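# Coordinates in review
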Amino acid sequence: MTEILALPAFDDNYIWLLRADGCVAVVDPGDAAPVLQHLALSGDRLCAILATHHHGDHVGGIAELLATNAVPVFGPAAENIATVTHPLAGGEHITLPGIGVEFEVLAVPGHTRGHLAYYGPSLAGTGAVFCGDTLFGAGCGRLFEGTPAQMQASLAKLAVLPAPTLVYCAHEYTQSNLRFAAAVEPGSIAVQKRVEDVAAARAAQRSTVPTTIGVELDTNPFLRWNAPAVRSAAASRLGHVPTDDVETFAAIREWKNRF
Ligand code: ZN
Ligand code: FE
């Protein structure tokens, strides 16, 4: 049985830690300190590192971890990350050494050129996906290196995972994202309910991650390019009816950038 633990880092990052039989793998260790502290306190051994993309808040701690732990580092082939030992393009199946968990590697470009997501269908009884800065609670990453068409296609790959799949995003952004979701779909009862649930969780200092694909399909405007309310919100931004899902997505993303 693999446990999944959160190590908070910086202001709002999560470093995700998978743990089985005294072995741990970490996803996106932007900072080595919380990981090293976990290893010291638990006696666990580090067995693998997974990186979703090249931003410093996701890979900044890798070199320091490798200094005392010689472990494989899985990460995007299309990005310049010097510490990656197992470059991946998407489409691969990998098995984490020591932990035995299998992941399907998904190419999800948009936030960055080579961004990866790691989908573990056997995790947690429901399946789990580690998606870095691609999909957030009620939001999605900014398009730093990719096009709206790439990001919409990447989000569509995540949207077709089974609804109960747990979504492990790399940031705690849900509450502020929901303010935007409520502006896009002011009539949505699902969004209003989630606003209340998330406000209660944050007031109690609880994490809003993991979320699930099902919750995101109901409330995340960046997965709802088919919803009439989202299409009409896009139309009023654009001044014309969007011609396709990419144009809807692009208009909503553009609005969020200015929100
Ligand atoms: Zn990022
Ligand atoms: Fe980030």
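Residues numbered from 1 in each chain as written. Chains lettered and ligands numbered in written order. Predicted model: local features only at pLDDT ≥ 70, side-chain atom pairs only at ≥ 80, totals over all residues. Heavy atoms only, no water.

In this section: the coordination of the zinc ion (ligand 1). Donor atoms from the polypeptide that coordinate the zinc ion (ligand 1) comprise His53 (NE2), His55 (ND1), His111 (NE2) and Asp133 (OD), at 2.2 to 2.3 Å from the metal. Around the zinc ion (ligand 1) sit four donor atoms, and with donor-metal-donor angles ranging over 88 to 171° the site reads as irregular. For the zinc ion (ligand 1), all donor residues lie on one chain, and their spacing in sequence is H-x1-H-x55-H-x21-D. The iron ion (ligand 2) is placed at 3.3 Å from the zinc ion (ligand 1), the two being bridged by Asp133. Pair noted here: His55 is in the loop between strand E4 (45-50) and helix H2 (56-59) and His111 is in the loop between strand E8 (102-107) and strand E9 (116-120), with a separation of 56 residues, a long-range link. (Donors = N, O, S within 2.8 Å, 3.2 Å for Na, K, Ca; no water. Tetrahedral: all angles 85-135°; square planar, octahedral: opposite > 155°, others 65-115°. Helix = DSSP H or I, 4+ residues; strand = E, 2+ residues; numbered from the N terminus.)

Further remarks concern unusual backbone geometry. Looking along the chain, the bond that leaves Val209 and enters Pro210 is cis, with omega of 5°. Here Pro210 is to be found in the loop between helix H6 (189-203) and strand E14 (211-212). In this structure, Phe10 takes a positive phi of about 50° despite not being glycine. Within the secondary structure layout, Phe10 lies in the loop between strand E1 (3-9) and strand E2 (13-20). Unlike most non-glycine residues, Ala124 shows phi in positive territory, near 60°. Its location among the elements puts Ala124 in the loop between E9 and strand E10 (128-132). On the accessibility criterion, Ala124 (35% relative accessible area) is partly exposed. (Buried < 20%, exposed > 50% of the residue type's maximum accessible area, 1.4 Å probe, protein only.)

To continue, consider the pairing of E9. With five of five residues buried, E9 lies mostly within the body of the structure. Sheet analysis places E8 next to E9, joined by four bridges and oriented antiparallel. Paired with Val105 across the two strands is Tyr118, which belongs to E9. (Pairing = 2+ DSSP bridges.)

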